[in-house]
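Observations on the model geometry
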Amino acid sequence: MKLLYAPASPFVRKVLVFIKELGLEDKVELIKVSSTVIDPNAELAASNPVAKIPTLVMDNGKGLFDSRVITAYLDTLASSPSFYPAAGEARWDVLRMEATADGLMDAAVNNRYERGLRPADKQWDAWSDGQVKKVHGALKALDSEAAAFGDRIDAGIVGAACACGYLDFRYPDIGWRESYPALGAWYAKFSERKSMQETQPPS
Ligand code: BEZ
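Conventions used here
- Residues numbered from 1 in each chain as written.
- Predicted model: local features only at pLDDT ≥ 70, side-chain atom pairs only at ≥ 80, totals over all residues.
- Heavy atoms only, no water.
- Helix = DSSP H or I, 4+ residues; strand = E, 2+ residues; numbered from the N terminus.
- Buried < 20%, exposed > 50% of the residue type's maximum accessible area, 1.4 Å probe, protein only.
- Contact = heavy atoms within 4.5 Å.
- Areas by Shrake-Rupley, 256 points an atom, 1.4 Å probe, with all protein chains shown as cover.
- Phe/Tyr/Trp six-rings, centres within 6.5 Å; stacked < 30°, edge-to-face > 60°.
- Lys NZ or Arg CZ within 6 Å of the ring centre and 35° of its normal.
- Expected span 1.5 Å × (residues − 1).
- Polar contact = N/O pair within 3.5 Å; in protein donor to acceptor, adjacent residues only side chain to side chain.
- Pairing = 2+ DSSP bridges.
- Right-handed = clockwise from strand over helix to strand, strands pointing away.

To continue, consider the overall build of the protein chain. When you go through the protein chain residue by residue, the secondary structure sums to nine helices and four strands. Going residue by residue from the N terminus, the α and β elements of the protein chain occur as β-α-β-α-β-β-α-α-α-α-α-α-α. Dimensions of the protein chain along its principal axes, counting C-alpha atoms only, are 45 × 45 × 30 Å. Here the protein chain, with 203 residues, has 43% of them falling under the buried criterion. In the protein chain, 67% of the contacts between residues at least 6 apart in sequence involve partners at least 24 apart. In the form shown here, the protein chain has an accessible surface area of approximately 10800 Å², with 53% of it arising from carbon and sulfur atoms.

Under the defined criterion, the tally for this structure stands at seven aromatic pairs. Where Phe 18 meets Phe 83, the ring centres are 5.1 Å apart and the plane angle is 80 degrees; that geometry is what we call edge-to-face. One end of the pair, Phe 18, is in helix α1 (residues 10-21); the other, Phe 83, is in the loop between α3 (67-77) and α4 (88-116), with 65 residues separating them in the sequence. The pair formed by Phe 18 and Phe 83 is uniform in burial state, with each residue classed as buried. Where Trp 186 meets Tyr 187, the ring centres are 6.3 Å apart and the plane angle is 50 degrees; that geometry is what we call tilted. Note on Trp 186: relative accessible area 7%, which makes it buried. Under the relative-accessibility criterion, Tyr 187 is labelled buried at 7%. In textbook terms, an aromatic cluster arises when at least three aromatic residues are bridged by ring pairs, as seen for Phe 149, Trp 176, Trp 186, Tyr 187 and Phe 190. Above the face of the Trp 92 ring, Arg 91 is positioned so that its terminal group lies 5.7 Å from the ring centre.

What follows deals with α1. Taking 1.5 Å as the rise per residue, α1 with twelve residues should run 16 Å; its terminal C-alpha atoms sit 16 Å apart, in good agreement. Most of α1 is tucked away, with ten of its twelve residues classed as buried. Backbone nitrogen of Phe 11 and a side-chain oxygen of the N-cap are separated by 3.1 Å at the start of α1; the cap is Ser 9. At the exit of α1 stands Gly 23, carrying a positive phi of roughly 70 degrees.

Next up on the list: the pairing of strand β1 (residues 2-5). The pairing of β1 with strand β2 (residues 29-32) spans four bridges and is classified as parallel. Counted as the bridge partner of Leu 3 is Leu 30 from β2. A crossover links β1 with its parallel partner β2, the connecting element being α1, and its sense is right-handed. Relative to strand β3 (residues 55-57), β1 runs antiparallel, the two sharing three bridges.

Put into structure tokens, the structure is as follows:
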């Protein structure tokens, strides 16, 4: 399989952490691509009609996307453990948490594009504030559950860790640890894992 990736993306990081934690490193070739909405990468567009990273090209040549579909697929390839509970309330709790983390990352990435790439005279402050509000909404929800995370690892946990990591990477001044201390305490420990250390975004 091939993973088309860019190291700064928190969604890519989620997939990379899955690959490492599930012991699939030998099965996935990493191919770094540079792609933007304005100038999409041709190899990426050939496997994903909306040309977004991450995209996994399976051994049968078909592309898989987005990150949640890729992680669900990777989970089926590992003999153990599984990062998605099979059924019941536990399954929906993990999926909800994964969606919360993905929502945080979506809002943070969207706002990064708005603030980092759009010309200053075209930026829309209210839209940007709305994205930051979503980030805080997700942080509050994750923080309210963080005391119970313990040493657990699943798709929600990996998503939450990559979301926190992205805030440290692109929003170093947001000071999320002060407002969300339980999440900060959990993340301090989880981010020591080898899979997290080896997937840190570029400095
Ligand atoms: C970033 O540079 O923050 C970034 C790059 C690719 C995807 C998402 C975010």
